[in-house]
Amino acid sequence: LAGMSLADKIQGGGGVGHRHSVRAGHLDAELDDANLAHKHHICKWITVEAGNEINVVEPSEIATVHGLPESVWVRHLEGEMKGEKDVLSLPWALLSTILFALVLLQHESISTSNSSQQAIKDDITQNANFAFTGNFGAKNYQDVNSYADFWSWLNKGFMPLTNIHEFPVSEDSGLNLGPVSNASSYMYLWHNRKLAPIKLSQQSVKDLECPNQAVSEAYDIKCTGTLTTDMLLRPTDWQIAQSAFDEEIEQTIWLNGWRADTQKMVETLESQRWLGPRTDMIKVSMLTYHADRDMVLLTDVNFLFPRSGHIWKSITQRVMKLTPYADFWDYIFDILFYLQLTWVCIEEVKEMVHNMRSGEGAYKGFVAYMGIWNAVDWFYIFAGYVFLILWILRVKQIEHVRDEILRFDLESFECTTDCGVHFSKVFHDAENAGYFTGSVRVFGAVTPMIIMLRLFKAFSAQPRLALVTDTLKHASSNLAHYLVVFTAIFFTYATMAVAFFGRETENFSTLDRAVPSTFRMLMGDFDFEAMEIIGRQYAFLFFLSFMWLLNMVMMSMLIAIIMDVYVDVKANAAHSETIWSEAWDIARRAYLNRKKARISLLKIRPAFDANNENLLSVSDIMKRVPLISEKQATRLMENAATRFLNENPADIRLEGVKSFIDEIYNTLGSLPEIVSGIPVKGNCSKLAEEVPLDQLLAAASLKLQSNPESGWPGSKTGIGKLIESAQLMANSLDQSPLWS
């Protein structure tokens, strides 16, 4: 076909060019004379005249004239039923998210908890002062940097703040409002009732063998260990709150009020060196109850004494609502959520049993059922019931705290030396309940992530909603290889950051701290001034190379990988129905089914065999499904044809032309043999850079015509027409090289 003008396109090599031109002329004659029937390029079951293999066939023509293979028809029915089921699962997945959010927010009372916690924390931070000059203290608990500072803070700041015996008056006022009543002395911040005396407890360590025993003995030094996790570096409030505290019961002190006897007790503790080198951690604890919100709040002011000589300070709090089911909605939201969860469980069990009872056997049926999205459903079911068990255990622990509080009487609050008999258990129960509540809180925060995966399952059923998941799925191979390179570079820089900045900057002092700090730097959150401490030149070189390689190059490549796939996924989804049209179809089918004007797809499907390739017509469908109307059968047939054409597009893109030429080159042999007079070496990519596109296509056409039995798939005529079309495109591109 292209050989007509081949002499003008191929330079030199007369003998070779002449031989191929003659062969091309014979092939043209054969094709003109044969006028044979061929199969359509997309719809292989449709017979067309030669040269019409790639003509567009309308779905209506397929439905009314040509028919469809039974396997294609069955795939459409099954796809419609699955799509309808998956689209209907979207509201349920959204309902799961909403119900769990309502359960979590209703029970946790997060806003009111935060308000109470912050009020107490701010009061201790701002008003429990020491280092007084006149009426004002210059320091708070964060300024405790020695043993003496701790006792000053306790004597001058914390105890007078939490144990008021006289009504405070305004500055420079000569008023004397007198002592507070006994009942008022137990109130804190006007609305919080102290439930017990202030508890002073500590955790101590034992002597250990020193690493260099000779030097230690020479200088009479004793070494001690540490019981608290990660104490050498500043721990977070969460680490302190959730770490175990090995309380020494015999060292626990109860400070009931701030009277002369309790002041003398504190002085005695200081003189006896209750706080010393073996002290690992001190807790100053206060237990309060907020009646308006029915909340018990355990506040701990923690002082940690690592072996480095630092004193880390932190305020941690544990909140629990004494009546978890005080509101009608507490029951309603829980019931609705677990009814929905149970319904999902029942549906999954039914689907699994159905697959296991199929003809392939129980094991193969189970393997076929347990795909990624069904695994997500079971993960959600498991997480939901685990959360229920944890919630029940948490409620039981809170009940123990409530029972202990109700056991108190007024005489208990007048204790002096035996306070531990009355209050040790309530502090212990509150501590355990708070620790367990923290664990449940983490699980409750992770559960929405699992529910979100179910949303992605529902999204995957609709191509337009599945853009994210489909893009990640199709890009997964490239992303996996990219991740290998990125991880290697990232951890190299994290290790370099530890070596460069670890001794001076806390956030880079260990690898587990350097990794999140390095990632924050990648996201633009960095403190260059803190990095300059090692020297501006070193910091600049590290920062410059990090930003160029990871931020500019690697992050740009990540976006390029995703966007390259996203363009194709979006193009494929362009032919699909919108979520609104699918919802309308589902509603229309339900309405017609109710009026008995339509046969359900569930009743139509058993009449057909998915493995049968025989052609079906509208009349065939009406014979197999006697109650179906011609209108419904025609509509379903057209929809099936539309689905098939959308899944097998006939569009040819520039990338397809490139790969097509490569395949011709690799299948039919060496193109340089017939591009006479052009010095070309190497692979097809190199060839394409040096030879104009139309000339390359002409050579490919001639090579194909000279060896028609080379094993190339498809029709000679179809390939010839494709090459001819590509030549015309190349001419319109002004002889541009292939890869430009």
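Computed from a predicted structure; not experimentally measured. (Residues numbered from 1 in each chain as written. Predicted model: local features only at pLDDT ≥ 70, side-chain atom pairs only at ≥ 80, totals over all residues. Heavy atoms only, no water.)

**What about the overall build of the chain?**
Rules: Think of it this way: any DSSP run of H or I at least four residues long counts as a helix, any run of E at least two long counts as a strand, and we number them from the N terminus. Any pair of residues with heavy atoms lying within 4.5 Å of one another is described as a contacting pair. Accessible surface is estimated by sampling points in the Shrake-Rupley manner with a 1.4 Å probe; for residues, cover comes only from the protein chains shown.
A tally of helices and strands in the chain yields 27 helices and 15 strands. For the chain, restricting intrachain contacts to residue pairs at least 6 apart in sequence, the fraction spanning at least 24 positions comes to 70%. As displayed, the chain offers around 40500 Å² of accessible surface, 59% of which is attributable to carbon and sulfur atoms.

**Observations concerning helix H5 (residues 110-127)**
Where we set the bar: What a helix is expected to span follows from its residue count: subtract one and scale by 1.5 Å.
Spanning 18 residues, H5 covers 25 Å between terminal C-alpha atoms, matching the ideal 26 Å at 1.5 Å per step. Residues of H5 that are buried in the fold lie against helix H4 (70-108), helix H6 (147-162), strand S6 (187-188), strand S12 (279-290), strand S13 (295-304) and strand S14 (312-321).

**Overview of the environment of Val 296**
Condition: Buried residues are those whose accessible area, probed at 1.4 Å on protein chains only, stays under 20% of the maximum for their type, while exposed residues exceed 50% and partly exposed ones sit between those limits.
Tracing the backbone shows Val 296 in strand S13. Given a relative accessible area of 0%, Val 296 falls into the buried group. Other than its neighbours up to four places away in sequence, Val 296 contacts Leu 195, Leu 287, Thr 288, Tyr 289, Arg 318, Val 319, Met 320, Leu 322 and Ile 405.

**A short note on the packing of helix H16 (residues 476-501) against helix H17 (residues 511-522)**
Which entries qualify depends on this criterion: The axes are straight lines fitted to the C-alpha atoms, using for helices just the contacting stretch, and the angles between their N-to-C directions are given from 0 to 180°. Any angle that is under 35 degrees is reported as roughly parallel, and any over 145 degrees as roughly antiparallel; angles of 65 to 115 degrees are reported as roughly perpendicular and all others as oblique. Throughout, a crossing is termed right-handed when the near helix is turned clockwise from the far one, and left-handed when it is turned anticlockwise from it by less than a right angle. Amino acids are sorted into nonpolar (Ala, Val, Leu, Ile, Met, Phe, Trp, Tyr, Cys and Pro), charged (Asp, Glu, Lys and Arg) and polar (every other residue, Gly among them).
Between H16 and H17, the least distance of the axes is 9 Å, while the angle of their chain directions is 115 degrees. On the basis of their axis angle, the class for H16 and H17 is roughly perpendicular. Here H16 runs over H17; the crossing is right-handed. Taken together, the residues of H17 that come into contact with H16 (itself represented by Phe 486, Phe 490, Phe 491, Ala 494, Thr 495, Ala 497 and Val 498) are Leu 511, Ala 514, Val 515, Thr 518, Phe 519 and Leu 522. For the contact of H16 with H17, the residue count by class is 11 nonpolar, two polar and no charged.

**Topic: the pattern of salt bridges**
Condition: A side-chain nitrogen of Lys or Arg and a carboxyl oxygen of Asp or Glu constitute a salt bridge if their distance falls within 4 Å.
For the structure shown, the criterion picks out 25 salt bridges. With a shortest N-O distance of 2.8 Å, Glu 70 and Arg 624 are connected by a salt bridge. Residue Glu 70 is located in helix H4, and its partner Arg 624 is located in helix H22 (residues 618-624); the two are separated by 554 residues in the primary sequence. Residue Glu 70 is classed as buried on the basis of its relative accessible area of 1%.

**A short note on the pairing of S14**
How we decide: Pairing between strands is defined by DSSP: at least two bridges between them are needed.
Across the 10 residues that make up S14, a large majority, nine, are buried. In the sheet, S13 pairs with S14 via 10 bridges, with the strands oriented antiparallel. Residue pairing across strands places Leu 297 opposite Val 319, the latter belonging to S14.

**Describing the state of the cysteines**
Two cysteines whose sulfur atoms are joined by a covalent bond form what is called a disulfide. For the record, the criterion: Only a pair of cysteine sulfur atoms within 2.5 Å counts as a disulfide in this structure description.
On inspection of all chains with the given rule, the structure shows one disulfide. A disulfide bridge connects Cys 210 with Cys 223, and the sulfur atoms are separated by 1.9 Å. On the sign convention where negative means left-handed, the S-S torsion of about 110 degrees between Cys 210 and Cys 223 marks this disulfide as right-handed. One end of the pair, Cys 210, is in the loop between strand S9 (207-208) and helix H8 (213-218); the other, Cys 223, is in strand S10 (residues 223-224), with 13 residues separating them in the sequence.

**Observations regarding the nonpolar core**
Cut-off, in case you're wondering: Working definition of a nonpolar core: buried Ala, Val, Leu, Ile, Met, Phe, Trp, Tyr and Cys residues. They are joined through side-chain atoms within 4.5 Å.
If you look at the biggest cluster of nonpolar residues, it comprises 34 residues, and the most contacted ones within it are Phe 150, Trp 153, Leu 154, Val 284 and Phe 303. Listing elements by their share of this core, those giving two or more residues are H5, H6, strand S8 (198-204), strand S11 (253-255), helix H10 (260-271), S12, S13 and S14. Take this core: its biggest share by element is seven residues, from H6. Other than its neighbours up to four places away in sequence, Trp 153 contacts Ile 124, Ala 128, Phe 130, Asn 140, Tyr 141, Val 144, Phe 158, Val 284, Val 301 and Phe 303. Formed by 29 residues, the second largest nonpolar core is a distinct cluster that contains Trp 45, Val 72, Val 74 and Ala 641.

**A look at H10**
Which entries qualify depends on this criterion: Taken from the helix axis, the directions to the C-beta atoms give the arc we talk about.
With 12 residues, H10 should reach 16 Å at 1.5 Å per residue; the first-to-last C-alpha distance of 16 Å fits that figure. Along H10, the positions that sit buried rather than exposed are Thr 262, Val 266 and Leu 269. When H10 is viewed along its axis, its buried side chains cluster within an angular range of 60 degrees and face the same direction. Exposed positions of H10 whose direction lies more than 90 degrees from the buried face are Ala 260, Lys 264 and Ser 271. The inward-facing, buried residues of H10 abut H6, S8 and S11. Looking one or two residues beyond H10, the residue adopting positive phi is Arg 273, at roughly 60 degrees.

**Some remarks on the confidence of the model for the chain**
Rule in force here: Each residue carries a pLDDT value, the predictor's own confidence for that position, ranging from 0 to 100.
Summing up the model confidence of the chain, the mean pLDDT is 80 and the portion of residues at 70 or higher is 81%. Confidence over residues 709-717 falls short of pLDDT 50; this stretch has 15 contacts with residues more than four positions distant or in other chains. In this model, residues 734-740 is a region of pLDDT below 50 whose contacts with residues beyond four sequence positions or in other chains number 16 contacts.

**Comments concerning the packing of aromatic side chains**
We count it as follows: Note on aromatic pairs: the rings of Phe, Tyr and Trp (six-membered ring only in Trp) are paired at centre separations within 6.5 Å, and the planes decide the class, stacked below 30 degrees, edge-to-face beyond 60, tilted for the rest.
Counted under the stated rule, the structure contains 35 aromatic pairs. Here Phe 456 and Phe 459 contribute two aromatic rings whose centre-to-centre distance is 6.0 Å and whose plane-to-plane angle is 85 degrees, an arrangement assigned as edge-to-face. With a gap of three residues between them, Phe 456 and Phe 459 both fall in helix H14 (residues 419-460), about one helical turn apart. Taking relative accessible area as the criterion, Phe 456 reaches 23% and is therefore assigned partly exposed. What makes Phe 459 partly exposed here is its relative accessible area of 23%.

**A few points about the pairing of S13**
The element S13 is extensively covered by neighbouring structure, given that 10 of its 10 residues are classed as buried. Burial of S13 is two-sided: the residues Met 295, Leu 297, Thr 299, Val 301 and Phe 303 facing one way and the residues Val 296, Leu 298, Asp 300, Asn 302 and Leu 304 facing the other way are all buried. Pairing of S12 with S13, which is carried by 10 bridges, proceeds in the antiparallel orientation. Paired with His 290 across the two strands is Met 295, which belongs to S13. Between the end of S12 and the start of S13, which pair antiparallel, lie four residues, with Asp 294 showing a positive phi angle near 55 degrees.

**Points about the packing of helix H15 (residues 467-474) against helix H19 (residues 536-573)**
Where H15 contacts H19, the axes come no closer than 9 Å and their chain directions differ by 125 degrees. Here H15 lies oblique to H19, going by the angle between them. For H15 against H19, the interelement crossing comes out right-handed. Across from Leu 467, Asp 470, Thr 471 and His 474 in H15, the residues of H19 making contact are Ile 562, Val 565, Tyr 566, Val 569, Lys 570 and Ala 573. For the contact of H15 with H19, the per-class residue count stands at six nonpolar, two polar and two charged.

**Describing a nonpolar patch on the surface**
Let me state the cut-off plainly: Candidates for patches are residues over 30% relative accessible area with no salt bridge; among them, like charges are joined within 9 Å and nonpolar side chains (Val, Leu, Ile, Met, Phe, Trp, Tyr) within 5 Å.
Together, Trp 238, Val 442, Val 446, Met 449, Met 452 and Leu 453 line one region of the surface with nonpolar side chains, adding up to about 490 Å² of accessible area. The element contributing the most residues to the nonpolar patch is H14, with five residues. Mapped onto the secondary structure, Leu 453 falls in helix H14. Overall, Leu 453 belongs to the partly exposed group, its relative accessible area being 31%.

**A few points about the environment of Ser 113**
Position of Ser 113 among the secondary structure elements: in helix H5. Relative accessible area serves as the criterion here: at 9%, Ser 113 is assigned to the buried category. For the pair Ser 113 and Lys 321, spaced 208 residues apart in sequence, the C-alpha to C-alpha distance is 9.1 Å. Apart from the residues within four sequence positions on either side, Ser 113 is in contact with Glu 108, Met 295 and Val 319.

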